[in-house]
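Coordinate inspection notes
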There are 2 protein chains.
Amino acid sequence: MATQKESGAPARRPRTPDTTPAASKADIVLNAARSIFLAHGFSAATTDMIQREAGVSKSTVYAAWPTKEALFAAVIQRECGQFADSLRDMQFESDDITHSLTQLARAYLSLIVSPKGLALYRVIVAEAPRFPELGRAFYAAGPEVVASIVAQFLERGAARGLIDVQTVGFPTAAALFISIVRGEAQLECLMHPDARPSDAQIDRWVEAAVQTFAFAFVKRP
Amino acid sequence: MATQKESGAPARRPRTPDTTPAASKADIVLNAARSIFLAHGFSAATTDMIQREAGVSKSTVYAAWPTKEALFAAVIQRECGQFADSLRDMQFESDDITHSLTQLARAYLSLIVSPKGLALYRVIVAEAPRFPELGRAFYAAGPEVVASIVAQFLERGAARGLIDVQTVGFPTAAALFISIVRGEAQLECLMHPDARPSDAQIDRWVEAAVQTFAFAFVKRP
DNA sequence: GTCTATATGAAGATAGAC
DNA sequence: GTCTATCTTCATATAGAC
């Protein structure tokens, strides 16, 4: 594949250079950095590894980001954005409350116990003291997104007389639902990195969580 | 204070050298290593920092542990043991179910959102892929200890007709209780390292968690 | 066992040619 | 902008004196 010069399209001086013809070098570096940072964490990752993985030289890395810290921040911010996008794409039918909660829980749990989800969590938990803005970004992109979806869902259920959040309120009930779903499953995966959970195991966690939440807040017919 | 030579006590050749007269050098190094590793994580921590913090030379460090990895493992194993000890010391009266659960939850949550508890969690989550045995040790020293305490407590409550764990079983119910207590509180603290939670905030988290658990599993009189 | 001094290697970051 | 080559710094680990 011949490397095209920037005169590919005869448009008159595009101010923002077209990056579509192929992944730009910056994107290649960013993807390589994601791979390395998620695999090794911030401190153990080296710019040499990233440079090698991307197949570029050091100068290309430092041309786009002034420091290793800035590159790391760019990687994590992008990952958080994609994480939030995939959460917002979650759809579920609202006919049966328990069934809908099960669907939502399974989608969320599958995402956060996936290798990518666990790796992102690990590196952010580890580096949040050094990069506080990344901790906030992750919280806003993950738990807060899900919480708002669940809270709206609970409010609609309550309006139909199917749910009673009792004394705790909708936002807290939503946060509790997320905690119940996430809790044991994520912790076990984090602490036993050799064993990957089966789909059946995920279903069991989801079922116990949804049942418990339903015992507390879903009205019996 | 004059540095005493090892001829302090005229006992005849003690086989296991007495370490009580003052903290042994190895203990000093271990404490310094704990401080540095918990503050910076494994990779960002350096043996120079530890050596400086302990006020000893490099040789003293390498005399007791062959590598940085071995020193790290020793530190974390000891921390996990102390963590488990402080959990096992938790006592609570079993007159009132809700009150007892509240006491238990507050003690556990205070521990894990303390600076020390958060730092230990951060470093283990980050390094579990590289040190799988430490992840298992932490899981056994923390969640498993609490789970067994809670499960026994729930069984006694069920025997008295105060609790109905319904379809989920005692071990799962205990794990769910821990997840509900831990969930939102720990996550917020991890992701907002600048803000330390007040006692009132901890009480609010505990109350919401215990209420929800009670809604699901504690029988109404 | 503990110290000072040093070997060895690698990290982050830069200089200068193209 | 991108590359090769290099500079500076500092880490882990070791050698040798006390």
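For clarity, every value in this text was computed on a predicted model and none was experimentally measured.

Glancing now at the pattern of salt bridges. As enumerated under the stated definition, the model contains 15 salt bridges over all chains in all. In this structure, the salt-bridge partner of Arg136 of chain A is Asp194 of chain B, at a minimum N-O distance of 3.7 Å. In this pair, Arg136 of chain A sits in helix α7 (residues 132–141) while Asp194 of chain B sits in the loop between α9 (170–191) and α10 (199–217), so the two residues belong to two different chains. In the salt-bridge network here, residues are joined through shared partners; they are Arg34, Glu79 and Lys116 of chain A.

At an RMSD of 0.1 Å, chain A and chain B line up after a rotation of 180° and a shift of 0.0 Å along the axis. Given the turn and translation reported, the copies of this chain are related as if by a two-fold rotation axis. Among all residues of chain A, the one whose C-alpha sits closest to the rotation axis is Ala216 of chain A, at a distance of 2.1 Å. Both copies share a contact surface, since 100% of the interface residues of chain A are interface residues in chain B too.

Let's shift gears to the confidence of the model for chain A. Here chain A shows a mean pLDDT of 89. Residues at 70 or above account for 90%. pLDDT under 50 marks residues 1–20 of chain A. Its contacts with residues more than four places away, or in other chains, come to 2 contacts.

Taking 1.5 Å per residue, 17 residues should reach 24 Å; helix α8 (residues 143–159) of chain B reaches 24 Å between its end C-alpha atoms and fits that length. Those residues of α8 of chain B that sit buried are Pro143, Val145, Val146, Ala147, Ile149, Val150, Ala151, Phe153, Leu154 and Gly157 of chain B. Where α8 of chain B is buried, its residues contact α9 (170–191) of chain A together with α4 (68–88), α5 (97–112), α7 (132–141), α9 and α10 of chain B. Directly beyond the C-terminal end of α8 of chain B, a positive phi value near 75° is found at Gly161 of chain B.

Our focus in this paragraph is the protein's contact with DNA strand C. In the vicinity of DNA strand C, 14 residues are found, and the nearest of them are Thr47 and Lys58 of chain A together with Ser57, Ser59 and Thr60 of chain B. Between DNA strand C and Tyr62 of chain A there is a distance of 3.0 Å, counted from a phosphate oxygen to a side-chain nitrogen or oxygen. Here Lys68 of chain A contributes a side-chain N or O atom positioned 3.0 Å from a phosphate oxygen of DNA strand C. Those elements that provide at least two residues to the surface near DNA strand C are α2 (47–54) and α3 (58–64) of chain A together with α3 (58–64) of chain B. Looking at the surface near DNA strand C element by element, the count peaks at 3 residues for α3 of chain A. Of the residues in the surface near DNA strand C, the class split is 3 nonpolar, 7 polar and 4 charged.

All names here are of chain A. Closest axis-to-axis distance for the helix α4 (residues 68–88)/α7 pair is 9 Å, and the angle between their directions is 10°. In terms of their interaxial angle, α4 and α7 are classed as roughly parallel. Along its contact with α4, which presents Phe72, Ala73, Ile76, Gln77, Cys80, Phe83, Ala84 and Leu87, the element α7 presents Glu133, Leu134, Ala137, Phe138 and Ala141. Among the residues making up the contact of α4 with α7, the classes are represented as 11 nonpolar, 1 polar and 1 charged.

Before going further, it helps to examine unusual backbone geometry. Residues and elements named next belong to chain A. Backbone geometry at Gln166 places phi at a positive 55°, although glycine is not the residue there. With respect to the helices and strands, the residue Gln166 is situated in the loop between α8 (143–159) and α9. The exposure class assigned to Gln166 is partly exposed, which follows from its relative accessible area of 36%.

Attention shifts here to the interface of chain A and chain B. On the side of chain B, 41 residues touch chain A, which itself brings 41 residues to the contact. When the two sides are added together, the surface that chain A and chain B hide from each other amounts to roughly 3700 Å², 69% of it contributed by carbon and sulfur. When the buried area of chain A at its contact with chain B is split by residue, Tyr139, Met191 and Phe215 of chain A rank highest and sum to 18% of it. Counting the contacts that link chain A with chain B gives 13 residue pairs in polar contact (both at pLDDT 80 or more). Mapped by element, the contributors of at least two residues to the side of chain A that touches chain B are α6 (115–127), α7, α9 and α10 (199–217) of chain A.

Reading the values: the criteria
Residues numbered from 1 in each chain as written. Chains lettered and ligands numbered in written order. Predicted model: local features only at pLDDT ≥ 70, side-chain atom pairs only at ≥ 80, totals over all residues. Heavy atoms only, no water. Salt bridge = Lys/Arg side-chain N within 4 Å of Asp/Glu carboxyl O. Helix = DSSP H or I, 4+ residues; strand = E, 2+ residues; numbered from the N terminus. Least-squares fit on C-alpha atoms with pLDDT ≥ 70 in both. Contact = heavy atoms within 4.5 Å. pLDDT = per-residue confidence, 0-100. Expected span 1.5 Å × (residues − 1). Buried < 20%, exposed > 50% of the residue type's maximum accessible area, 1.4 Å probe, protein only. Near = heavy atom within 4 Å. Polar contact = N/O pair within 3.5 Å; in protein donor to acceptor, adjacent residues only side chain to side chain. Nonpolar A, V, L, I, M, F, W, Y, C, P; charged D, E, K, R; others polar. Axes fitted to C-alpha atoms, helices over the stretch in contact; angles between N-to-C directions. Parallel < 35°, antiparallel > 145°, perpendicular 65-115°, else oblique. Buried area = accessible area lost by both parts, 1.4 Å probe.

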